[in-house]
Amino acid sequence: MHGLSATVDPRAFGWTDAGWRGVPIERAVFYDYRQPLSLPAHLKNAFDLVVVDPPFLADECVVKVAQTVRWLSKPDAKIIACSGAIMEDLFGRLLGVKR
């Protein structure tokens, strides 16, 4: 995508899954990549699959996000990393992911 991002009203989207009601705010977990392990303890080693899309193409961000991914993942978890090609080698070194 090129150009400016857009702010959209999610209520304007024509949702096709009437069964999806979202997650109540009380169950939401807020995450700040700058505090990679500041998460509820019950989430440690809790996931078989972690999908990660860091907010910035910067080494510092990827390193901290990788800490979070390792903390959340079960020992044999699958990891899907979505990022720019410039971060591919770093993700490979930190998490063992490959294209």
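Residues numbered from 1 in each chain as written. Predicted model: local features only at pLDDT ≥ 70, side-chain atom pairs only at ≥ 80, totals over all residues. Heavy atoms only, no water.

A.B. asks: An account of the overall build of the protein is needed here, citing residue identities and associated values.
C.D. replies: Secondary structure assignment for the protein yields two helices and two strands. In the protein, the succession of α and β elements from N to C terminus is β-α-β-α. At 16 Å, the protein has a C-alpha radius of gyration far larger than the 13 Å of a compact globule built from 99 residues. In terms of principal-axis extent, the alpha carbons of the protein reach across some 40 × 40 × 25 Å. In the protein, which comprises 99 residues, the share counted as buried stands at 22%. Here the contacts in the protein between residues at least 6 apart in sequence split such that 73% fall between residues at least 24 apart. (Helix = DSSP H or I, 4+ residues; strand = E, 2+ residues; numbered from the N terminus. Rg over C-alpha atoms; globule rule 2.2 N^0.38 Å. Buried < 20%, exposed > 50% of the residue type's maximum accessible area, 1.4 Å probe, protein only. Contact = heavy atoms within 4.5 Å.)

A.B. asks: Quick rundown of the side chain of Ser73? Include the residues and the values.
C.D. replies: Topologically, Ser73 is positioned in strand 2 (residues 73-81). Here Val69 takes part through its backbone oxygen, which lies 2.6 Å from a polar atom of the side chain of Ser73. Setting aside residues no more than four positions away along its own chain, Ser73 makes contact with Asn45, Phe47, Val50 and Ile79. (Polar contact = N/O pair within 3.5 Å; in protein donor to acceptor, adjacent residues only side chain to side chain.)

A.B. asks: Any details on a nonpolar patch on the surface? Residues and values, ideally.
C.D. replies: Together, Leu49, Val51 and Ile80 make up an exposed nonpolar region whose accessible area comes to about 270 Å². In this fold, Val51 is placed in strand 1 (residues 47-52). On the accessibility criterion, Val51 (54% relative accessible area) is exposed. (Patch = residues over 30% accessible without salt bridge, like charges linked within 9 Å, V, L, I, M, F, W, Y side chains within 5 Å. Areas by Shrake-Rupley, 256 points an atom, 1.4 Å probe, with all protein chains shown as cover. Salt bridge = Lys/Arg side-chain N within 4 Å of Asp/Glu carboxyl O.)

Read these as layout, nothing more, since geometry by itself doesn't imply function.
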